[in-house]
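Structural features, examined
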Number of protein chains: 2
Amino acid sequence: MNKLLIVGTVAFDAIETPFGKTDKILGGAATYIGLSASFFNLQSAIVSVVGGDFPQEHLDLLTSRNIDISGIEIVKEGKTFFWSGLYHNDLNSRDTLVTELNVLADFQPKVPQNFKDAEVVMLGNLHPLVQSSVLDQMETTPKLVVLDTMNFWMDCALPELLDVIKRVDVITINDEEARQLSGEYSLVKAAAKIHTLGPKYVVIKKGEHGALLFHGAEVFFAPALPLEEVFDPTGAGDTFAGGFSGYIAQSENVSFENMKNGIIYGSNLASFCVEKFGTERMVSLNENEVNQRLRQFKALTQFNIEL
Amino acid sequence: MNKLLIVGTVAFDAIETPFGKTDKILGGAATYIGLSASFFNLQSAIVSVVGGDFPQEHLDLLTSRNIDISGIEIVKEGKTFFWSGLYHNDLNSRDTLVTELNVLADFQPKVPQNFKDAEVVMLGNLHPLVQSSVLDQMETTPKLVVLDTMNFWMDCALPELLDVIKRVDVITINDEEARQLSGEYSLVKAAAKIHTLGPKYVVIKKGEHGALLFHGAEVFFAPALPLEEVFDPTGAGDTFAGGFSGYIAQSENVSFENMKNGIIYGSNLASFCVEKFGTERMVSLNENEVNQRLRQFKALTQFNIEL
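Residues numbered from 1 in each chain as written. Chains lettered and ligands numbered in written order. Predicted model: local features only at pLDDT ≥ 70, side-chain atom pairs only at ≥ 80, totals over all residues. Heavy atoms only, no water.

Chain A appears in an unreviewed UniProt entry as Sugar or nucleoside kinase, ribokinase family from Flavobacterium succinicans.

Further remarks concern the overall build of chain A. Of regular secondary structure, chain A possesses eleven helices and 15 strands. Over its C-alpha trace chain A gives a radius of gyration of 18 Å, about what one expects of a compact globule, namely 19 Å for 307 residues. Along the three orthogonal principal directions, the C-alpha set of chain A runs to about 65 × 45 × 40 Å. Relative to its full complement of 307 residues, chain A shows a buried share of 59%. Of the contacts made within chain A by residues no fewer than 6 positions apart, 64% connect residues no fewer than 24 positions apart. On chain A, roughly 12000 Å² of surface is accessible, and the fraction owed to carbon and sulfur atoms is 49%. Positive and negative side-chain charges in chain A, numbering 24 and 39 respectively, have mean positions lying 3 Å apart. (Helix = DSSP H or I, 4+ residues; strand = E, 2+ residues; numbered from the N terminus. Rg over C-alpha atoms; globule rule 2.2 N^0.38 Å. Buried < 20%, exposed > 50% of the residue type's maximum accessible area, 1.4 Å probe, protein only. Contact = heavy atoms within 4.5 Å. Areas by Shrake-Rupley, 256 points an atom, 1.4 Å probe, with all protein chains shown as cover. Lys, Arg positive; Asp, Glu negative; His and termini not counted. Charge placed at Lys NZ, Arg CZ, Asp CG, Glu CD.)

Our focus in this paragraph is the pairing of strand β13 (residues 201–205) of chain A. For a regular strand, side-chain orientation follows a simple rule: the groups alternate between the two sheet faces. Residues and elements named next belong to chain A. Most of β13 is tucked away: five of the five residues are buried. Residues Tyr201, Val203 and Lys205 of β13 are buried on one face, and the alternating residues Val202 and Ile204, pointing to the opposite face, are buried as well. With five bridges joining them, strand β12 (residues 170–174) and β13 adopt parallel strand pairing. Each bridged residue has a counterpart across the sheet, and for Val170 the counterpart in β13 is Tyr201. Inspection of the sheet shows β13 paired to strand β14 (residues 211–215) by four bridges, in the antiparallel sense. Opposite Lys205, over in β14, you have Ala211 as the bridge partner. Where β13 folds back on β14, the antiparallel hairpin that results is connected by five residues, among which Gly207 adopts a positive phi of roughly 60 degrees. (Pairing = 2+ DSSP bridges.)

What follows deals with the confidence of the model for chain A. Taken over all residues, the pLDDT of chain A has a mean of 96, while the share at 70 or more is 100%. Interface confidence for the predicted complex, expressed as ipTM, amounts to 0.93; the pTM equals 0.95. (pLDDT = per-residue confidence, 0-100.)

What follows concerns the interface of chain A and chain B. If you look at the interface, chain A gives 36 residues, while chain B gives 36 residues. At the boundary of chain A with chain B, total buried surface from both sides reaches about 3500 Å², with 60% on carbon and sulfur atoms. When the area that chain A buries against chain B is broken down by residue, the three leading residues are A:Phe303, A:Ile305 and A:Leu307, summing to 21%. Where chain A packs against chain B, one counts 20 residue pairs in polar contact (both at pLDDT 80 or more). (Buried area = accessible area lost by both parts, 1.4 Å probe. Polar contact = N/O pair within 3.5 Å; in protein donor to acceptor, adjacent residues only side chain to side chain.)

Residue and element names in this part refer to chain A. Under the defined criterion, the tally for this structure stands at 30 salt bridges over all chains. The residue Lys143 makes a salt bridge to Glu252 at a minimum N-O spacing of 3.1 Å. Highlighted residues: Lys143 in the loop between α3 (128–136) and β11 (144–148) and Glu252 in the loop between α8 (236–251) and α9 (256–273), separated in sequence by 109 residues. For Asp163, the salt bridge is made with Lys166, and the minimal N-O distance between the two is 3.6 Å. (Salt bridge = Lys/Arg side-chain N within 4 Å of Asp/Glu carboxyl O.)

On to the nonpolar core, then. Membership of the largest hydrophobic core comes to 219 residues, with the highest contact counts inside it found for A:Leu5, A:Leu123, B:Leu5 and B:Leu123. Excluding its chain neighbours within four sequence positions, the residues that come into contact with B:Leu5 are B:Ala45, B:Val47, B:Val111, B:Phe115, B:Ala118, B:Val120, B:Val121, B:Met122, B:Val134 and B:Met138. (Core = buried A, V, L, I, M, F, W, Y, C linked by side-chain atoms within 4.5 Å.)

A word on the side chain of A:Lys116. All names here are of chain A. Looking at the secondary structure, you find Lys116 in the loop between β9 (94–100) and β10 (120–123). Buried Lys116, no salt bridge; nearest opposite-charge side chain is Glu139, N-O distance 4.3 Å. Apart from the residues within four sequence positions on either side, Lys116 is in contact with Val111, Gln137, Met138, Glu139 and Thr140.

As structure tokens, this is what we get:
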């Protein structure tokens, strides 16, 4: 079975949307990535850090999904990373209300020995030096390294971010971040510029407007599934990344054609994530529902014009 | 050969985008619809009105595309409808600078006798009473009636608009207009409400974010082709409608499955329209280019997941 190594936050989120608000609930990029990737046939591990305040039940949830948590450091005297956000009415934008780094401030990632030969590495959104450190610890060259990041690191740690971007095969960022990183408004031009920074594959996430996969002059697009209601977008991008990297790890095929399927699986899983608050929907989700929705994605996008 | 009857404006446009500006050039919904539909094997006719100031060369262009212009009334002493618009930097929004109705103010459409049995009727954006009048003049029931409209008529002639919407099979509007017409933010809910107004098929155009086709619980999506540069969006929606209605008229198949192909053809033709100012690109376009780009649409959207 192939191995997927995940690095990212495991955290508390407090979320407010037009539909309601939560207390501190389970969140974090690595949590969403891990839950999403757990729908594939693979061995996964999370590298992260939490405080002594982090409930055992959350860790047990990850273990129950067959995720190796030996790389999640527990700092007994510390507090878990906490993020709080308020979504605006259209759910396309949000304000960050609170960011408490806590134990994340001094985090030194340690890759479990058993995952230093992972075939796929998914670098979730975190300080680029942490992402680099994980790559430094690998003992064999992964078949695929995927990096997710955000505008925050472009503002605060651009040289370190550019260093780690050089080392990855796939970068996933949203449209505004792609424009910021490249200085280009056109996403086609932005992807071309980002290719020159290193990644052979550039995934641009457009939220409710779907996702684009660029590979040189080749391009593939997956729509977001049109939903009656988006309840909470938190974690959708991470769930997308988990579906993409999990599918690639399972199939052990890093061709562009196969990545198209990965983009569809990522979009599929993300379409569930937004249906409830936080990780709630991902926890209740089963394989039948995933397959049923894949049929919807086919009906949504496939056509039959002979040429 | 099947007949496509088109009603809409034939006009002068003056356009300013971040890339440049034009003097008065050929424009109008029916012009774009007609040019786009001319890529299909059908007989088409335009019902419209122009003034004595309208150059013969523009009429000759339409005739050269095999479009019957006997339904374009020429009011010798009148002036042609003129619209001028300024696009903002992202090309997703625009300000209307000038709207001179001129001969359009008193327009009474007259359907040529030979097109009163047209299989497909494409009601381009115009006063809903004009659209209704064209339907009143039909002597046989068309296989498909498609209506395009805009927010202006929702603001100024809502009862008349609702009357004509009741009579059509397909409505094409953009996302903001769908929200305005339905009072629903979610496009899935908006389409469901618009179904109850009459149309069995609802097409929601999202500009650079593609187009959705709803039919009850069924939904299909066509992306816009990712382009290095969008030069001028004027006429893209009409070109889309011309490609859709032209394809349906040619194929004489009004099934949902076939409408998917129509949506792809519409998106394909619209992707050319935006590459140059006004009708310039549609006039130079040839069939090989259309087919080549259809291959790009396939590569962009088709994937192979077995279920």
